[in-house]
Amino acid sequence: MKAKWFRYVILAFLVVGILLVAGCSDDSETAGNDSGGDSDGESSGEKMNLRVFVPTFSTEPPTDESPVLKKIEEYTNKEITMEWVPNSNLEDKFNITLSSGDLPHVMYVPSKSPSFISAVEDGAFWELGPYLEDYPNLSQANDIILNNSSINGKVYGIYRARDLGRNGVIIRKDWLENLGLEEPKTVDEFYNMLKAFKEEDPDGNGQDDTYGMVVSKYEGPWDVMQTWFGVPNKWGEDENGELYPAFMDDNYMEALDFFKKLYDEGLVNEDFAVMDPAQWSEPVVAGEAGVQVNVLDEGHRIQEKIVDANPDNEDPITVIKTVETDAGVHNLPTSGYSGMLAVSKTSVKSEEELKQVLDFLDKMNDEKAQILAENGIEGQHYEIVDGKYESKLADDAALKAEVDGFNQMLMYLPEPKSLKAESTPLRELEENLKVENEDIVVPNPAESYISDVYSKKGQQLDNIIIDARIKYIVGQIDEAGLEEAVERWKSSGGTEYMEEINQLHQDAQ
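Here we summarise the structure given alongside this text. All residue numbers refer to positions counted from 1 along the written sequence of the respective chain. Note on the predicted model: pLDDT of at least 70 is required for a residue's local features to be given, and 80 or more for side-chain atom pairs to be given and counted; whole-chain, interface and lining totals, by contrast, use all residues. In computing side-chain properties, one takes all heavy atoms of the structure into account and sets aside hydrogens as well as water.

### A short note on the packing of aromatic side chains
Working definition: rings of Phe, Tyr and Trp (its six-membered ring) pair if their centres are within 6.5 Å, and the pair is stacked with planes under 30 degrees apart, edge-to-face with planes over 60 apart, and tilted otherwise. In the structure shown here, the tally under the stated rule is 15 aromatic pairs. Centroid distance Phe-116 to Phe-125: 5.3 Å. Interplanar angle 55°. Geometry classified as tilted. Think of it in three bands: residues with accessible area under 20% of the maximum for their type are buried, residues over 50% are exposed, and the middle band is partly exposed, with areas taken using a 1.4 Å probe on protein chains only. The class of Phe-125 is buried, set by a relative accessible area of 2%. Seen in terms of ring centroids, Phe-190 and Trp-228 are 5.2 Å apart; in terms of plane orientation they differ by 85°. Their pairing is edge-to-face. One end of the pair, Phe-190, is in helix H7 (residues 187-199); the other, Trp-228, is in helix H8 (residues 220-228), and 38 residues separate them in sequence. Each member of the aromatic cluster is reached from another via a ring pair, and the members are Trp-222, Phe-229, Phe-258, Phe-259, Tyr-263 and Phe-272. Where helices and strands are cited, they refer to DSSP runs of H or I of at least four residues and of E of at least two residues respectively, numbered from the N terminus.

### Describing the packing of helix H9 (residues 252-264) against helix H16 (residues 452-473)
Angles run from 0 to 180 degrees between N-to-C directions of axes, and those axes are lines fitted to C-alpha atoms, restricted for helices to the stretch in contact. Packing of H9 against H16 brings their axes to within 8 Å, and their N-to-C directions diverge by 50°. Accordingly, the angle class assigned to the pair H9 and H16 is oblique. Residues Tyr-252, Met-253, Leu-256, Asp-257, Phe-259, Lys-260, Tyr-263 and Asp-264 of H9 touch H16, and the partners they reach there are Ile-465, Arg-469, Tyr-472 and Ile-473. Three classes are used: nonpolar for Ala, Val, Leu, Ile, Met, Phe, Trp, Tyr, Cys and Pro, charged for Asp, Glu, Lys and Arg, and polar for all others, with Gly counted as polar. Split into classes, the residues belonging to the contact of H9 with H16 amount to eight nonpolar, no polar and four charged. For classification purposes, angles smaller than 35 degrees are called roughly parallel, those larger than 145 roughly antiparallel, those between 65 and 115 roughly perpendicular, and all remaining angles oblique. Here, two residues are considered to be in contact whenever any of their heavy atoms come within 4.5 Å of each other.

### A closer look at the nonpolar core
Among the nonpolar cores identified, the biggest contains 68 residues, and Phe-116, Phe-125 and Leu-361 are the most heavily contacted of them. Those residues in contact with Phe-125 that sit more than four places away from it in its chain are Leu-98, Leu-103, Met-107, Phe-116, Ala-119, Val-120, Tyr-156, Ala-342, Val-343, Ser-344 and Lys-345. In this text, buried Ala, Val, Leu, Ile, Met, Phe, Trp, Tyr and Cys residues form a nonpolar core when linked through side-chain atoms within 4.5 Å.

### Notes on the environment of Asn-142
Looking at where Asn-142 falls in the secondary structure, it is placed in the loop between helix H4 (114-121) and helix H5 (143-149). A relative accessible area of 22% means that Asn-142 is categorised as partly exposed. Residues Asn-142 and Leu-164 lie 22 residues apart in sequence; the distance between their C-alpha atoms is 9.3 Å. Here Asn-142 is in contact with Tyr-159, Leu-164 and Glu-438, once residues within four sequence places are set aside. A distance of 2.8 Å separates a polar side-chain atom of Asn-142 from the backbone nitrogen of Ile-144. For this analysis, a polar contact is any N or O atom pair within 3.5 Å, provided that within protein one partner can donate a hydrogen and the other can accept it, and provided that sequence-adjacent residues contribute only side-chain to side-chain pairs.

### Some points on H7
One less than the number of residues in a helix, times 1.5 Å, gives the span that helix is expected to have. Along its 13 residues, H7 runs 18 Å from first to last C-alpha, staying within 8% of the 18 Å computed at 1.5 Å per residue. Within H7, the full set of buried residues consists of Val-187, Phe-190, Tyr-191, Met-193, Leu-194, Ala-196 and Phe-197. Positioned one or two residues after H7, Asp-201 has a phi angle of 50°, which is positive.

### Structural notes on the sheet that holds strand S3 (residues 106-109)
DSSP calls a pair of strands paired once it identifies at least 2 bridges connecting them. One open sheet accounts for five strands, arranged S2-S1-S3-S11-S4; its pairing is mixed. The open sheet has two edge strands, strand S2 (78-86) and strand S4 (158-161), and neither has a second partner. Strand-to-strand twist across the sheet, computed as the mean angle between neighbouring axes with direction ignored, equals 25°. The pairing of strand S1 (residues 48-56) with S3 spans two bridges and is classified as parallel. Across the sheet, residue Phe-53 finds its bridge partner in S3, namely Met-107.

### Here we look at the environment of Glu-298
Residue placement: Glu-298 occurs in helix H11 (residues 298-309). Once residues within four sequence positions are removed from consideration, Glu-298 is found in contact with Ile-170, Ser-281 and Gln-292.

### Looking at the pairing of S2
Judged from the nine bridges that link them, S1 and S2 form a sheet pairing that is parallel. Across the sheet, Asn-49 pairs through a bridge with Glu-79, a residue of S2. The parallel pair S1 and S2, bridged by helix H2 (residues 67-76), forms a crossover whose chirality is right-handed. A clockwise course of the path from the first strand over the helix to the second, judged with the strands pointing away from the viewer, identifies a crossover as right-handed.

### What about unusual backbone geometry?
Here the amide bond leading from Leu-413 into Pro-414 is cis, since omega sits at 0°, within 30 degrees of zero. For Asn-77, which is not glycine, the phi dihedral falls at a positive 60°. Among the secondary structure elements, Asn-77 is positioned in the loop between H2 and S2. For Asp-386, which is not a glycine, the phi torsion comes out positive at approximately 50°. Along the chain, the position of Asp-386 falls in the loop between strand S12 (382-385) and strand S13 (388-391). With relative accessibility at 76%, the residue Asp-386 sits in the exposed group.

### Overview of the packing of H7 against H9
Contact pair H7 / H9: the axes reach a minimum separation of 11 Å and the direction vectors enclose 15°. Put simply, H7 runs roughly parallel to H9. Where H7 crosses over H9, the handedness of that crossing is right-handed. On the side of H7, the interface is formed by Val-187, Phe-190, Tyr-191 and Leu-194, while H9 contributes Phe-258, Lys-261 and Leu-262. Here the contact of H7 with H9 is composed, by residue class, of six nonpolar, no polar and one charged. In a left-handed crossing the near helix is turned counterclockwise from the far helix by less than a right angle, and in a right-handed crossing that turn is clockwise.

And the structure:
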């Protein structure tokens, strides 16, 4: 603990150092402009040189001589110097770079870590939100994800998009067909399906050896399913604009009573509270459980394992988004992004330069740039044969080293446009449902708020509620026990946390 405290103190001093350097740099820039100097490379006919800091998962990332990098430079009209950082050492290198005072123009930020937040609060990065509407791709950023990646509502990095609507339900399609059932559309049909999977011998082996749904100690499936009942995503907002925790919502008990019913009737695995998440899919693959609430793309991974074990079972899995309840049709989103690309004030000193950097980031979302960064150059790194994409990288390490890693600069706004290998019907269904999910996901209104209370007590507060939910489902406590847990949450810092979140919410309006 002492070491961690000492680390933050050192980091604070170093961030102050960054600002001193930045301040000196700003002064120099002003002096240069006054004397007629030109810091804008493009306005003087020269390409702007950008240093780009991104992670690499390769031991041999592309060099400055990569033909793909040359093409990207040509397309974006920039000279680019890549600063590759091994992903295994990313956090340390990120903090060291922050403290060096020599920040690159574009810097990958893995998360809203205390060090990044401290640097933002001290002015080390540009706020980008007011500029996005001026760029054709950046202006199409998803509002929910933009808010999720922001700091107290302000955008300090362009998020790297991931599927917002990734959650869904994976179902043994062969079991549905064996029992003559349709895919469930309502929560009642979902319950009836689980009951049939337990009681009606869906695999036809004559044994009582199946059950409905497998859940592990990872709490995600309960979080997803409670949104089906209208429970908010972490925080709800009442008619007066006040935010409240999801477990204080009127629909919370209805969701928990449903979960308890599934457990009491043996429709979920009895050992879910201790089951290793790494083994979560195994009961579906092995034909013990028929349903899993998980990310949709786990569906094709399960299917491929089933088909590998039994090639005659060619199409055993299907997926759905969610099921309808009296509260409507809802689903829980993911955060929708994996890190972001921030623009430093130490290297990008003027608004004019910032607009050049944003132009570069915007162009990296164009189809041509996405294909270059992800697939390479046609004829060299891939071919189009009979209209289908065929990569040449798999068996040629040298070719792969010319491409591998440039996709870390991609934000995929408004959508991925790089080339993909031929898909399967299940994979296509998964991708379509992810898109459809975006219309029904429930945003968290407090996602962007940075809470001091939560940074100190968040894990303790979360554990109180998670433990109480598990104990209620398995019958160790009743509703009175749940209420006691809520009171313990309040007295352990929860009341202070709610007050802070609501103050941040008011400030952001």
